[in-house]
Amino acid sequence: MRNTLVLNASYEPLTTVSLKRAVVLVLQDKAVVEHAHPLSVVRGTGVSLPVPRVIRLNRYVRVPFRQHAPWSRRGVLVRDQHRCAYCGRRATTVDHLQPRSRGGSDSWLNTVAACSEDNQRKADRTPEQAGMKLLSRPFEPTPEATLMMALGLKEKDLGELAAWLPATA
């Protein structure tokens, strides 16, 4: 689970990482803990570290400006809340609305989360050809929304992390 927010040296949000990766960055002195869980501690041989919720890199990382969130299979599943776009059950796969074999691409607007049964039933066809209706249309999330989704947050649940995220999120 990716539950630690990584800030650049300039305090701008960059990405999220697993707890293990966050601890490694802190122990290698590549990052400092900016905000930690109040009661949780990671212990190791000769080391005790508060469980980081937000870390900040010690060196600035130049990141090109991103107007679009990068597409990923995991991102599609998170965007669709692990719910099948066809039946609403738990989704474990990603389905291409326009199959890749017919020129479809890996993009936010061409992919939806799907359960394996519906993905196999649709096969190498479009939803219309397979006689399947989408419960919701795919959309392209903003980079800020993608960051919040990766943290498992909704706007109403921001709480303690609100100060570290962009105001437009």
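Residues numbered from 1 in each chain as written. Predicted model: local features only at pLDDT ≥ 70, side-chain atom pairs only at ≥ 80, totals over all residues. Heavy atoms only, no water.

Relative to the assigned elements, Asn 119 resides in helix H3 (residues 116-122). One polar contact links the side chain of Asn 119 to the main-chain carbonyl oxygen of Val 94, over a distance of 3.4 Å. Those residues in contact with Asn 119 that sit more than four places away from it in its chain are Thr 93, Val 94, Asp 95 and Ala 114. (Helix = DSSP H or I, 4+ residues; strand = E, 2+ residues; numbered from the N terminus. Polar contact = N/O pair within 3.5 Å; in protein donor to acceptor, adjacent residues only side chain to side chain. Contact = heavy atoms within 4.5 Å.)

Bringing the confidence of the model for the protein chain into the picture now. For the protein chain, per-residue confidence averages 86 on the pLDDT scale, and residues scoring 70 or more make up 86% of the total. Here helix H5 (residues 143-150) stands out as the element of the protein chain with the lowest mean pLDDT, 72, in contrast to strand S6 (residues 111-114), whose mean of 97 is the highest. (pLDDT = per-residue confidence, 0-100.)

Burial along S6 is two-sided: Thr 111 and Ala 113 and Val 112 and Ala 114, pointing in opposite directions, are all buried. Inspection of the sheet shows strand S5 (residues 93-96) paired to S6 by four bridges, in the antiparallel sense. Residue pairing across strands places Val 94 opposite Ala 113, the latter belonging to S6. (Buried < 20%, exposed > 50% of the residue type's maximum accessible area, 1.4 Å probe, protein only. Pairing = 2+ DSSP bridges.)

Moving on to helix H1 (residues 19-27). Buried residues of H1: Ala 22, Val 23, Leu 25 and Val 26, and no others. Axial view of H1: buried residues confined to an arc of 160°, hence all on one face. Of the residues trailing H1, Asp 29 is marked for its positive phi of about 60°. (Arc of directions from axis to C-beta.)

Core analysis: the biggest nonpolar cluster contains 11 residues, these being Val 6, Leu 14, Val 17, Ala 22, Val 23, Leu 25, Val 26, Ala 31, Leu 49, Ile 55 and Leu 57. Ranked by residues supplied to this core, first place goes to H1 with four residues. Ignoring sequence-local partners within four residues, the contact set of Ala 22 consists of Thr 4, Val 17, Pro 52 and Ile 55. (Core = buried A, V, L, I, M, F, W, Y, C linked by side-chain atoms within 4.5 Å.)

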